Amino acid sequence: MRPSYFLRTIRNNCPRCGKGPVLKNILKRHDRCSNCNFEYSREDGFFIGGIPISYGLISMLWIVPLLLIWMLGWMGLDWLLGLCFGGAIVLPFLTYPYCQCLWLGLYFVFAYNEMPDPTERLGDSETAD
Ligand SMILES: [Zn+2]
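Reference entry: report on the structure contained in this document. What you are looking at is a predicted structure, and each value in this text was computed from that prediction instead of being measured. (Residues numbered from 1 in each chain as written. Predicted model: local features only at pLDDT ≥ 70, side-chain atom pairs only at ≥ 80, totals over all residues.)

1. Considering the nonpolar core
Just so we agree on the cut-off: For our purposes the nonpolar core covers buried Ala, Val, Leu, Ile, Met, Phe, Trp, Tyr and Cys residues that link as a set through C-beta atoms within 7 Å. With C-beta atoms placed from the backbone, a residue is buried if 20 or more other C-beta atoms are within 10 Å of its own, exposed if 12 or fewer are, and partly exposed between those counts. We count a stretch as a helix when DSSP gives it H or I for four or more residues in a row; a strand needs E for two or more, and each element gets its number in order from the N terminus. With C-beta atoms placed from the backbone, a contact is any residue pair whose C-beta atoms sit within 7 Å.
V22, C101, L102, W103, L104 and Y107 are the most contacted members of the largest nonpolar core, which totals 16 residues. No other element matches the 9 residues that helix α3 (residues 77-110) contributes to this core. Once residues lying within four places of it in the same chain are set aside, the contact partners of C101 are T9, N12, V22, L23 and R29.

2. Here we look at helix α1 (residues 3-10)
Keep this limit in mind: Working definition: the arc comes from the directions between the helix axis and the C-beta atoms, pointing outward to the latter.
Of all the positions in α1, only Y5, R8 and T9 are classed as buried. Buried residues along α1 cover an arc of 95 degrees about the axis, so they all sit on one side. Facing away from the buried surface of α1 by more than 90 degrees, the exposed residues are P3 and I10. Against α3 lie the buried residues of α1.

3. Let's talk about the packing of α1 against α3
Working note: a packed helix pair is described by the angle between its axes plus the distance between those axes. Condition: With axes taken as lines fitted to C-alpha atoms, and helix axes fitted only over the stretch in contact, angles between N-to-C directions fall between 0 and 180 degrees. Between 65 and 115 degrees an angle is taken as roughly perpendicular, under 35 as roughly parallel, over 145 as roughly antiparallel, and anywhere else as oblique. In this count, Pro and Cys sit with the nonpolar residues alongside Ala, Val, Leu, Ile, Met, Phe, Trp and Tyr, while Asp, Glu, Lys and Arg are called charged and the others, Gly among them, polar.
Relative orientation of the contacting elements α1 and α3 amounts to 170 degrees, with a least axis distance of 7 Å. Compared by their axis directions, α1 and α3 come out roughly antiparallel. Judged by residue contacts, P3, Y5, F6, R8, T9 and I10 of α1 engage C101, L102, L104, G105, L106, F108 and V109 from α3. The residue inventory of the contact of α1 with α3, partitioned by class, reads 10 nonpolar, 2 polar and 1 charged.

Written out as structure tokens, the structure reads:
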């Protein structure tokens, strides 16, 4: 287990070198590291793993706090339902790219044997798809 890969992606850095950004902006992800040329996707559908992370983050950071606020009586049911449904529609679009980044790091925490040697520069032959 190599938690350093996950810690790098929390800061939006490449899990391999820790320098190149994974995300271009809040809505887009790079396909490769600009520093070490590491291809982020491991296979087709790899980044679907970001969906459960997005679900967990939104549940814990949006839905649960709203439910607590509602249970304390600080907000009405109409506001609770509106904010929950609104958040359920908008927040996945905003969090999914970052959750893909987190999934990338989490994947290599456990599959660290698949990580190429960080001391070697990945060549152009590996860039041709
Ligand atoms: Zn890199």
